[in-house]
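Fold and contact review
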Amino acid sequence: AQSVTQLDSHVSVSEGTPVLLRCNYSSSYSPSLFWYVQHPNKGLQLLLKYTSAATLVKGINGFEAEFKKSETSFHLTKPSAHMSDAAEYFCVVSASSNNNDMRFGAGTRLTVKP
Amino acid sequence: NAGVTQTPKFQVLKTGQSMTLQCAQDMNHNSMYWYRQDPGMGLRLIYYSASEGTTDKGEVPNGYNVSRLNKREFSLRLESAAPSQTSVYFCASSDSLGSLAGNTIYFGEGSWLTVV
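In this report, we go over the structure that sits alongside the text. (Residues numbered from 1 in each chain as written. Chains lettered and ligands numbered in written order. Predicted model: local features only at pLDDT ≥ 70, side-chain atom pairs only at ≥ 80, totals over all residues. Heavy atoms only, no water.)

Another aspect to go through is the overall build of chain A. Tallying secondary structure elements over chain A gives zero helices and 12 strands in all. When the elements of chain A are put in sequence order from the N terminus, they spell out β-β-β-β-β-β-β-β-β-β-β-β. A compact globule built from 114 residues would reach a C-alpha radius of gyration of about 13 Å, and chain A, at 13 Å, matches this within 12%. Judged by the C-alpha coordinates and their principal axes, chain A covers about 40 × 30 × 20 Å. Taken across its 114 residues, chain A has 44% of its residues classed as buried. The long-range fraction of contacts in chain A, counting pairs at least 24 apart against all pairs at least 6 apart in sequence, stands at 57%. Here chain A has roughly 5200 Å² of accessible surface; of this, 50% comes from carbon and sulfur atoms. Once the 10 positive and 8 negative side-chain charges of chain A are each reduced to a mean point, those two points are 3 Å apart. (Helix = DSSP H or I, 4+ residues; strand = E, 2+ residues; numbered from the N terminus. Rg over C-alpha atoms; globule rule 2.2 N^0.38 Å. Buried < 20%, exposed > 50% of the residue type's maximum accessible area, 1.4 Å probe, protein only. Contact = heavy atoms within 4.5 Å. Areas by Shrake-Rupley, 256 points an atom, 1.4 Å probe, with all protein chains shown as cover. Lys, Arg positive; Asp, Glu negative; His and termini not counted. Charge placed at Lys NZ, Arg CZ, Asp CG, Glu CD.)

Here it is as C-alpha cells:
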C-alpha cells in the first residue's frame, strides 16, 4: 500500500519569492512520483515526474522537485513565483508497476500575492 | 488538440435519478480512468480500464458502473444517484497500465455533479 501526505493545505507567497510545496510519501515499492497542477475549473496537468532516474527532476514553468529516499520526500520548488502559478497542486505516488494504484495527496492551494 | 473530452460539464440530479458521464480520448491510449474529487481528499479512483473490453474497480466503486465502449470511449453511469455522489468527476487516460515507467495520465476538464 502507498500513500502521500502534503504537509500544507495552503501556501501563500509574494510574487518573485521562492515557492516550496512539501510532500512526503509512503510506498512498499520503488515509487513513481508526480506533481500535478490544477487551475480553477480545469483538469489536472502534469508538472513533472520521477521514475527512478535522476533524483532532481525539472518540470514545466520553472518548477523542479527532488526525490529524497532517506527522507521519503518529494518537495516541489520554484525560485521565483509568478501570479500565474496560483493554483492547486497535487503530489501523487504510484507503485512502479500499476498506474491504477496511484494515490493522490489532498492538495496544496498556492496563492501568489502581488 | 482535444485530448480527453468529457460531457456534461455540469449536471444537477435528483436523488434516485440515473445518468451517464461520457468520456472520449483521441490519443490512442490503452488505459482510461474515472476519478472523483472531493474537497480535502485529492482524487480517488472509481474504475479503470486497462484496455478495450476490460474494466476493474478502483478505490471507491460503489454506486457506479462503467463501460469501455471502444478504445476511445469510457463512460461512467450512476444508476440511482445519492447526495454522497455530489462531486467533481474526472476522466483520464494513459498509454498503458502496467508500465514500469510511471506513464503520465492525461485528464479531462471535469464534470460537476450535484445530487439534491
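Taken as a whole, this structure holds 10 salt bridges over all chains when the rule is applied. Note that Lys-58 of chain A is salt-bridged to Glu-64 of chain A, the shortest N-O span being 2.8 Å. Note on Lys-58 of chain A: relative accessible area 62%, which makes it exposed. On the basis of relative accessibility, which here comes to 23%, the residue Glu-64 of chain A falls in the partly exposed class. Of the charged contacts in the structure, one is a salt bridge between Arg-36 of chain B and Asp-38 of chain B, with a shortest N-O distance of 2.9 Å. Taken as a pair, Arg-36 of chain B and Asp-38 of chain B share a single burial class, namely buried. In this structure, a network of salt bridges that share partners links the residues Lys-42 of chain A together with Lys-9 and Glu-109 of chain B. (Salt bridge = Lys/Arg side-chain N within 4 Å of Asp/Glu carboxyl O.)

Turning our eyes to something else, we now look at the state of the cysteines. Applying the stated rule across the entire model yields two disulfides over all chains. What pairs with Cys-23 of chain A in a disulfide is Cys-91 of chain A, and their sulfur atoms sit 2.0 Å apart. Here Cys-23 of chain A and Cys-91 of chain A share a disulfide; its torsion about the S-S bond, -65°, makes the bridge left-handed. Taken as a pair, Cys-23 of chain A in strand E4 (residues 23-27) and Cys-91 of chain A in strand E10 (residues 87-95) lie far apart in primary sequence, 68 residues in all. Disulfide partner of Cys-23 of chain B: Cys-91 of chain B, at an S-S distance of 1.8 Å. As the torsion about the S-S bond is roughly -75°, the Cys-23 of chain B-Cys-91 of chain B disulfide counts as left-handed. Note that Cys-23 of chain B is positioned in strand E3 (residues 19-25) and Cys-91 of chain B in strand E9 (residues 87-94), a separation of 68 residues in sequence. The class of Cys-91 of chain B is buried, set by a relative accessible area of 0%. (Disulfide = S-S within 2.5 Å.)

Residue and element names in this part refer to chain A. Along the chain, Thr-108 falls in strand E12 (residues 108-113). Overall, Thr-108 belongs to the buried group, its relative accessible area being 1%. A distance of 3.1 Å separates the side chain of Thr-108 from the side chain of Gln-6, its partner in a polar contact. Discounting residues that sit within four places of it in the chain, Thr-108 has contacts with Gln-6, Asp-8, Ser-9, His-10, Val-11, Leu-21, Ala-87, Glu-88 and Tyr-89. (Polar contact = N/O pair within 3.5 Å; in protein donor to acceptor, adjacent residues only side chain to side chain.)

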